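Structural overview for review
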Amino acid sequence: MDERINQLPKIELHCHLDGSLSRGCVEELLGRKVSDRELMVDDNCKSLAQYLEKFDLPLKCLQTEEGLRKAGYDFMRQMAMDGIIYVEVRLAPIQSVNAQLNCRRVIEAVLEGLERGKKKFHIEYGLIVCAMRNHSDSQNLRMIRTAREFLGEGVCAADLAGDEAAYPMREFIPLFSEVRKLGMPFTIHAGECNSLENIVEAVQCGAARIGHGIALRGHPVDIAVLKECGTGIEMCPVSNLQTKAVQSKDDYPLREFIDRGLLVTLNTDNRTVSNTTIGKEIDFVQENCGITDEEIVEIQKNAVKVAFASDEVKEKLFKRL
């Protein structure tokens, strides 16, 4: 990586807390050593569904207030090491709800850890709460209503995550109609599993950003629609190769999306599961997609434009870039 790009302050908008716990944090919370095989996806991963199996272990770490607080702080520590100045971190609160923890307390506990990290490392953050595709609309809506109480107080938006192939976007149109009524901004995982329809329906529902969006590749008319809407595209190259959203490095559509004027951003998705950092993602796209240093800077500016941050925070970020 060029030294100028290495020193460039960076923005991350698509990163899951459970998939990004450091080895040290996992070992501390589980009370035992863990192997690479337990933490990270291997080279033989065949699908998103197989990739998602790697989340069982870290989720065990997020079942107590202590675990959630430590995870939030550990996450911010990792951001500092990667030169991140603003991050939006994703959490599915329902997956941590149990007999001792309700949804509100889950959100509060992780925000306490993130806030401690903000003060220590001077990194701005927002928490995106994830509705899960395998949960009912009623479960997801109750969670989002609870999270809505924290909007502007740590929480910045909602999301829809999980196995996209098994649960297409059309099943969640009523849910996100209600989310819009709540005044809750949202992004949606779509187009990671070769469904252009999922992307189109997500944007029609009001998604300000699309997570992954790979299925837009080769569809200039739909790309033009998203460009006109100013929809942000959260791209995660290393993860996309692992989940087989793309079959090879040559298939990765970042160059196409940039050339057609989409507001693309560069992200890690799951730092530990994918064994990646923003630095590695930048190296990948510069080596394989012909992305220049100047375009890397523009990608960071895109991230500020489409971030779920206040105008005041965005102004500060633009000045640092």
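Computed from a prediction, not measured in an experiment: that's the story for all the values here. (Residues numbered from 1 in each chain as written. Predicted model: local features only at pLDDT ≥ 70, side-chain atom pairs only at ≥ 80, totals over all residues. Heavy atoms only, no water.)

1. Here's the deal with the overall build of the chain
Note the threshold: The secondary structure listing takes helices from DSSP runs of H or I that are at least 4 residues long and strands from runs of E that are at least 2 residues long, numbered from the N terminus. Radius of gyration: C-alpha atoms only; globule rule: 2.2 Å multiplied by the number of residues to the exponent 0.38. Here the term buried applies to any residue with accessible area under 20% of the maximum for its type, exposed to any over 50%, and partly exposed to those in between, with areas from a 1.4 Å probe on protein chains only. What makes two residues a contact is simply this: any of their non-hydrogen atoms within 4.5 Å. Where accessible areas are quoted, they stem from the Shrake-Rupley method and a 1.4 Å probe; at the residue level, only the protein chains shown are allowed to cover. Only four residue types enter the tally: Lys and Arg on the positive side, Asp and Glu on the negative side; His and the chain ends are excluded. Where a charge sits is defined by one atom per residue type, namely NZ (Lys), CZ (Arg), CG (Asp) or CD (Glu).
Helices and strands together make up the secondary structure of the chain, namely 16 helices and eight strands. Its C-alpha atoms give the chain a radius of gyration of 18 Å, within 12% of the compact-globule value 20 Å for 321 residues. A principal-axis box enclosing the C-alpha atoms of the chain has dimensions of 50 × 45 × 45 Å. Expressed as a percentage of the 321 residues in the chain, the buried residues total 58%. In the chain, 74% of the contacts between residues at least 6 apart in sequence involve partners at least 24 apart. Total accessible area computed for the chain in this model is approximately 13300 Å², and 47% of it derives from carbon and sulfur atoms. Each charge class in the chain was averaged separately, 41 positive and 50 negative side chains, and the resulting centres sit 4 Å apart.

2. Overview of the sheet that holds strand 5 (residues 187-190)
Spelled out, the test is: What makes two strands pair is DSSP finding at least two bridges between them. All axes are obtained by fitting lines to C-alpha atoms, using only the stretch in contact for helices, and the reported angles, taken between N-to-C directions, cover 0 to 180 degrees.
Taken in spatial order, the four strands make up an open sheet running 5-6-7-8, and their pairing is parallel. Looking at strand neighbours, the two that pair on one side only are strand 5 and strand 8 (263-266), the edges of this open sheet. When strand polarity is set aside, the average angle formed by the axes of neighbouring strands in this sheet is 25 degrees. One ladder, built from three bridges, connects strand 6 (residues 209-212) with strand 7 (residues 232-235); its direction is parallel. Residue pairing in the sheet places R209 in a bridge with G232 of strand 7.

3. Re the sheet that holds strand 3 (residues 124-132)
Ordered in space as 1-2-3-4, the four strands form an open sheet in which the pairing is parallel. Since the sheet does not close on itself, it has two edges, and those belong to strand 1 (10-16) and strand 4 (155-161), each with one partner. On average, each strand axis in the sheet is inclined to that of its neighbour by 20 degrees, with strand direction left out of account. Helix 6 (residues 65-81) rests against strand 1, strand 2 (84-91) and strand 3 of the sheet, and its axis sits at about 145 degrees to strand 2.

4. Details of helix 15 (residues 293-306)
Rules: Helices are assigned an expected span. That span is 1.5 Å times one less than the residue count.
Here helix 15 spans 20 Å end to end across 14 residues, near enough to the 20 Å set by a 1.5 Å rise per residue. A large share of helix 15 lies buried, amounting to 10 of its 14 residues. Every buried residue of helix 15 is accounted for by D293, E295, I296, V297, I299, Q300, N302, A303, V304 and V306.

5. Digging into the pattern of salt bridges
As a working rule, side chains carrying opposite charge can pair if their charged atoms are close by. Quick reminder of the rule: We define a salt bridge as a side-chain nitrogen of Lys or Arg found within 4 Å of a carboxyl oxygen belonging to Asp or Glu.
What the rule picks out here adds up to 25 salt bridges. For the salt bridge of R104 with E149, the shortest nitrogen-to-oxygen distance reads 2.6 Å. With a gap of 45 residues between them, R104 in helix 7 (residues 103-121) and E149 in the loop between helix 8 (137-148) and strand 4 connect regions that are remote in the sequence. Judged by its relative accessible area of 32%, R104 is partly exposed.

6. Brief notes about the side chain of S274
Among the secondary structure elements, S274 is positioned in the loop between strand 8 and helix 14 (278-288). Sequence-distant contacts of S274, defined by excluding residues within four places in its chain, comprise Y51, V238, S239 and Q242.

7. Structural notes on the packing of aromatic side chains
Put simply, the rule is: Only the six-membered ring of Trp is used, alongside the rings of Phe and Tyr, when aromatic pairs are assigned; centres must lie within 6.5 Å, and planes under 30 degrees apart are stacked while those over 60 apart are edge-to-face, with the rest tilted.
This structure, assessed with the given rule, holds four aromatic pairs. Centroid distance Y73 to F121: 5.6 Å. Interplanar angle 40 degrees. Geometry classified as tilted. Taken together, the positions of Y73 in helix 6 and F121 in helix 7 put the pair 48 residues apart, joining distant regions of the chain. Exposure remark for Y73: the relative accessible area of 17% places this residue in the buried category. Residue classification places F121 among the partly exposed residues on the basis of a relative accessible area of 21%. Taken together, a centroid distance of 6.1 Å and an interplanar angle of 90 degrees make the contact between Y252 and F284 edge-to-face.

8. Examining unusual backbone geometry
Peptide bonds are, in most cases, trans, and in most cases residues other than glycine have a negative phi. Non-glycine residue H122 carries a positive phi angle of around 60 degrees. With respect to the helices and strands, the residue H122 is situated in the loop between helix 7 and strand 3. Classification of H122 by relative accessible area gives exposed; the value is 64%. For D269, which is not glycine, the phi dihedral falls at a positive 75 degrees. Tracing the sequence through the fold places D269 in the loop between strand 8 and helix 14.

9. A closer look at the nonpolar core
Here is the rule: Nonpolar cores were defined as sets of buried Ala, Val, Leu, Ile, Met, Phe, Trp, Tyr and Cys residues, with membership established by side-chain atoms within 4.5 Å.
L127 and F176 are the most contacted members of the largest nonpolar core, which totals 92 residues. In contact with F176, other than residues within four places in its own chain, are D159, L160, M169, F186, I188 and C205.

10. Considering the pairing of strand 5
To keep it simple, the criterion reads: When the strands point away from the viewer, a crossover counts as right-handed if the path from the first strand over the helix to the second runs clockwise.
Across the two faces of strand 5 the burial is the same, with T187 and H189 and I188 and A190 all buried. Here strand 5 pairs with strand 6 via four bridges, running parallel. Within strand 6, the residue paired with H189 across the bridge is G211. Read as a crossover between parallel neighbours, the route from strand 5 over helix 10 (residues 196-205) to strand 6 is right-handed.

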